[in-house]
Amino acid sequence: MTEDKNTDLSKIKMLFLDVDGVLTNGSIILHDDGTESKMFNTLDGHGIRMWIRAGCKIAFLSGRPSPPTNRRAEQLGVHYCFTDCYDKLPKLKEILTLEKLHAENAAYIGDDLPDLPAITYVGFGIAVANAATEVKKYADYVTKTPGGSGAVREVIEHILKNSGKWPQLLERYIQK
């Protein structure tokens, strides 16, 4: 885990996620009929729900067209889901404009070279533990957890805890 710059995490209002290698372990199962399957981690899913309950926005930006990705975004109530989006930075900027947010209000989690423009543009760029070496080099934060194994949840907890939003979210789970 690395933090290279002093980022005020309370400014982060929007989280952008790559999908393959971040929300999944990067494996894609192609079936004989041309359909595909992906495995998503439930810890990440719950973290995304907590992020949304904290009043924050979330977007999936995936370079591959993928019905399973679209379905997972629907299940979780993700605000934006763009697949077949290889050049992610223009779409990220477009969404920030729609949301009336700036780069300093955004975080991006990625794992591979196509994610670098977005990682270096936002206020808080994140690489998963098993990301490409160059991605880790330019990220503000590198997770302990690999993509597809709860890395998104790790990041969400880190941001929410360091922005003061975590205690209120935790109350829901603690019996008094």
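Because the structure is a prediction, the values reported are computed rather than measured.

1. Section: the packing of aromatic side chains
Okay, so step 1: Enumeration over the complete set of coordinates arrives at 1 aromatic pair.
Okay, so step 2: Residues Phe-124 and Tyr-141 carry aromatic rings whose centres are separated by 5.7 Å and whose planes lie at 50° to one another, so their mutual orientation is tilted. Of this pair, Phe-124 sits in strand 7 (residues 124-127) while Tyr-141 sits in strand 8 (residues 141-142), and the two are 17 residues apart along the sequence.
Okay, so step 3: Tyr-141 sits in the buried class, given a relative accessible area of 1%.
Okay, so step 4: One cation-aromatic arrangement involves Lys-91 over Phe-82; the distance from NZ or CZ to the ring centre is 4.3 Å.
Okay, so step 5: In this arrangement the basic side chain of Lys-161 is found over the ring face of Trp-166, its NZ or CZ atom lying 5.1 Å from the centre.

2. Examining the pattern of salt bridges
Okay, so step 1: Counted under the stated rule, the structure contains 11 salt bridges.
Okay, so step 2: Between Lys-88 and Asp-18 there is a salt bridge, with its nearest N and O atoms 2.7 Å apart. With Lys-88 in helix 3 (residues 88-98) and Asp-18 in the loop between strand 1 (14-17) and strand 2 (29-30), this pair connects stretches of sequence that are 70 residues apart. Each of the two residues, Lys-88 as well as Asp-18, counts as buried.
Okay, so step 3: Salt bridges sharing common partners tie together Asp-20, Glu-36, Lys-38 and Arg-64.

3. Observations regarding the packing of helix 1 (residues 42-53) against helix 2 (residues 67-76)
Okay, so step 1: Between helix 1 and helix 2, the shortest axis-to-axis distance is 10 Å and the interhelical angle comes to 50°. It follows from the interaxial angle that helix 1 and helix 2 lie oblique. In the packing of helix 1 onto helix 2, the handedness of the crossing is right-handed. Across from Thr-42, Gly-45, Ile-48, Arg-49 and Ile-52 in helix 1, the residues of helix 2 making contact are Arg-72, Gln-75 and Leu-76.
Okay, so step 2: For the contact of helix 1 with helix 2, the per-class residue count stands at 3 nonpolar, 3 polar and 2 charged.

Cut-offs applied
Residues numbered from 1 in each chain as written. Predicted model: local features only at pLDDT ≥ 70, side-chain atom pairs only at ≥ 80, totals over all residues. Heavy atoms only, no water. Phe/Tyr/Trp six-rings, centres within 6.5 Å; stacked < 30°, edge-to-face > 60°. Helix = DSSP H or I, 4+ residues; strand = E, 2+ residues; numbered from the N terminus. Buried < 20%, exposed > 50% of the residue type's maximum accessible area, 1.4 Å probe, protein only. Lys NZ or Arg CZ within 6 Å of the ring centre and 35° of its normal. Salt bridge = Lys/Arg side-chain N within 4 Å of Asp/Glu carboxyl O. Axes fitted to C-alpha atoms, helices over the stretch in contact; angles between N-to-C directions. Parallel < 35°, antiparallel > 145°, perpendicular 65-115°, else oblique. Left-handed = near helix turned anticlockwise from the far one by under 90°. Contact = heavy atoms within 4.5 Å. Nonpolar A, V, L, I, M, F, W, Y, C, P; charged D, E, K, R; others polar.

Remember, this is a structural readout, not a statement about activity or role.
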